[in-house]
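Residues per chain are reported as follows:
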Amino acid sequence: MTSRFRKRLAAITCLMLTVISAHAFADDLELDLPIGCQLGDTCFIQHYPDMDPSKKAKDHTCGFLTYDGHKGTDFRLPTLADMEAGVPVLAAADGVVANLRDGVTDQYFEDYPSAVRPRIKEIGLGNTVILAHENGLKTIYAHLKKNSVTVAKLQKVKRGDILGYVGLSGLTEFPHLHFQVMSGKAVIDPFSGPQKTTPCTHSETPLWSEVAQHELAYQPTGFLVTGFSAKIPKNRRALESGNMQQSLLPPNSQTLIFWSLYYGSQKDDVVTLTIVGPDNKLLKEYSPKRVSKNQISKYFFVGIKKPKTGWPKGDYRGQITIKRSSATIIDEAKISVR
Ligand SMILES: [Zn+2]
């Protein structure tokens, strides 16, 4: 069994435009969470709208959980297995379905042949539902799972209604919902809100409802998946598949590997991974070099070889610690030999 706590991570999508602070017309729009998951546990915010008009990118807290020109909020699922299990996308407010697209395959953009990529870039948002709201604003729900859209054009919906399910369609490199608020052609950051006047401070009037605001506390870093396996993970996507984790180590395994994938890696983080065996014996401690730059996501692993006398029976525990000046965060996992 592995334990999975707070988490988050990284990647790409979407289009371009200037993000503006909301206007007076947005006063009446109150948004609930557009996704049915537990933030910090079963989903994470990987990217916010880019609030920096220059070529650089800053989210509304001046953090780096965004990229240049990003217009929405990316709610990321930890693994493809979570996506397959089904995470509903929900209407953030009452509205009417102004437009939709379905039928685009769920596939990592990097897996498309180069001849097809221009077409996928054209339909960058993949399977999408657009809702029009009474006050003139629109909300966009993108990268939905193929054939999961549950609403029809011009259908009226209530806040909380299911519109479809989180997917991997269009220009995307990880399973997520891209959620975007628009007024005409202008993008609105629902976090900074209509009264935003000072850069990098939370507005007192974001568009989110009080309940949603509580759920949406900013988490600069979090663990997506942490676990054990008999084999070394080939790459990030091997971990993101959701199929790597093992709860029992086969006795003939030659190696035991502990790993963790997390989002929001920051320059100068000090990362340590340990494996502790039965009887609390420290079997391995590994500290990679200090992290040299900010990165949307990162993974580490550490392993031990089978002892000549075989694996002692019992529980093996792994722990990853990320230390930085502002905070220390920890995630853990367990595997057993019987
Ligand atoms: Zn996005």
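Here's what I pulled together on the structure shown here.

1. Some points on the overall build of the protein chain
- Looking only at helices and strands, the protein chain has 4 helices and 18 strands in total.
- Of the contacts formed within the protein chain by residues at least 6 apart in sequence, a portion of 75% connects residues at least 24 apart.
- Counting every atom, the protein chain has about 15400 Å² of accessible surface; 52% of that belongs to carbon and sulfur.

2. Considerations on the state of the cysteines
- Under the criterion given, the structure shown has 1 disulfide.
- Covalent S-S linkage joins cysteine 37 and cysteine 43, the inter-sulfur distance amounting to 2.0 Å. Because the torsion about its S-S bond is 80°, the bridge between cysteine 37 and cysteine 43 counts as right-handed. In this pair, the class of cysteine 37 matches that of cysteine 43, namely buried.

3. Section: the pattern of salt bridges
- By the definition in use, this model includes 11 salt bridges.
- The residue arginine 76 makes a salt bridge to glutamate 240 at a minimum N-O spacing of 2.2 Å. Taken together, the positions of arginine 76 in strand S3 (residues 73–76) and glutamate 240 in helix H4 (residues 236–240) put the pair 164 residues apart, joining distant regions of the chain.
- Note on arginine 76: relative accessible area 0%, which makes it buried.
- Residue glutamate 240 is classed as buried on the basis of its relative accessible area, which comes to 0%.
- When the shortest N-O distance is used, the salt bridge between arginine 237 and aspartate 111 registers 2.6 Å. In this pair, arginine 237 is assigned in helix H4 and aspartate 111 in the loop between strand S5 (95–101) and helix H2 (117–122), connecting sequence segments 126 residues apart.
- For arginine 237, a relative accessible area of 23% gives the class partly exposed.

4. Section: the pairing of strand S14 (residues 270–276)
- Judged by how many residues are buried, S14 sits mostly within the fold: 5 of 7 residues are covered.
- In this sheet, strand S17 (residues 314–323) lies alongside S14 in antiparallel orientation, the contact comprising 7 bridges. Pairing of valine 276 across the sheet is with arginine 317, part of S17.
- With 4 bridges connecting them, S14 and strand S15 (residues 282–286) associate as antiparallel partners. Bridging across to S15, threonine 274 finds its partner in glutamate 285.

5. Thoughts on the environment of proline 175
- Along the chain, the position of proline 175 falls in the loop between strand S9 (162–165) and strand S10 (176–183).
- When near neighbours in sequence (up to four residues on either side) are disregarded, proline 175 contacts Phe75, Arg76, Leu77, Thr79, Leu80, Met83, Val166, Gly167, Leu168 and Glu240.

6. Structural notes on the side chain of aspartate 269
- Tracing the sequence through the fold places aspartate 269 in the loop between strand S13 (255–265) and S14.
- Here glutamine 266 takes part through its backbone nitrogen, which lies 2.9 Å from a polar atom of the side chain of aspartate 269.
- Not counting residues up to four positions away in its chain, the partners in contact with aspartate 269 are Arg290, Val291, Ile322, Lys323 and Arg324.

7. Looking at unusual backbone geometry
- Even without a glycine there, the phi angle at leucine 154 is positive, about 75°.
- Turning to its location among the elements, leucine 154 is positioned in the loop between strand S7 (138–144) and strand S8 (156–157).
- On the accessibility criterion, leucine 154 (64% relative accessible area) is exposed.
- The residue aspartate 268 is not glycine, and still its phi comes out positive at about 75°.
- Looking at the element boundaries, aspartate 268 is found in the loop between S13 and S14.

8. Here's the deal with the nonpolar core
- Counting 50 residues, the largest nonpolar core has Leu31, Phe75, Val129, Tyr141, Leu177, Phe179 and Leu216 as the members making the most contacts within it.
- Mapped by element, the contributors of at least two residues to this core are strand S2 (44–47), strand S6 (127–132), S7, S10, strand S12 (222–229), H4 and S13.
- Sorting elements by how many residues they give to this core places S13 first, with 4 residues.
- Taken together, domain 1 (19–207) and domain 2 (222–337) each give at least three residues to this core, which thus spans both.
- Ala230, Phe300, Ile320 and Val337 belong to the second largest nonpolar core, which has 21 residues in total.

9. Looking at the sheet that holds S15
- Ordered by their spatial adjacency, 4 strands build an open sheet running S15-S14-S17-S18, and the pairing between neighbours is antiparallel. At either margin of the open sheet sits one strand with a lone partner, and together these are S15 and strand S18 (328–337). Neighbour-to-neighbour, the strand axes of this sheet turn through a mean angle of 15°, independent of strand direction.
- In terms of strand pairing, S17 meets S18 through 10 bridges, oriented antiparallel. Bridging across to S18, aspartate 315 finds its partner in serine 336.

Rules and cut-offs
Residues numbered from 1 in each chain as written. Predicted model: local features only at pLDDT ≥ 70, side-chain atom pairs only at ≥ 80, totals over all residues. Heavy atoms only, no water. Helix = DSSP H or I, 4+ residues; strand = E, 2+ residues; numbered from the N terminus. Contact = heavy atoms within 4.5 Å. Areas by Shrake-Rupley, 256 points an atom, 1.4 Å probe, with all protein chains shown as cover. Disulfide = S-S within 2.5 Å. Buried < 20%, exposed > 50% of the residue type's maximum accessible area, 1.4 Å probe, protein only. Salt bridge = Lys/Arg side-chain N within 4 Å of Asp/Glu carboxyl O. Pairing = 2+ DSSP bridges. Polar contact = N/O pair within 3.5 Å; in protein donor to acceptor, adjacent residues only side chain to side chain. Core = buried A, V, L, I, M, F, W, Y, C linked by side-chain atoms within 4.5 Å. Domains from an automatic or database assignment. Axes fitted to C-alpha atoms, helices over the stretch in contact; angles between N-to-C directions.

Without other data, these values stay purely geometric and don't point to any function.
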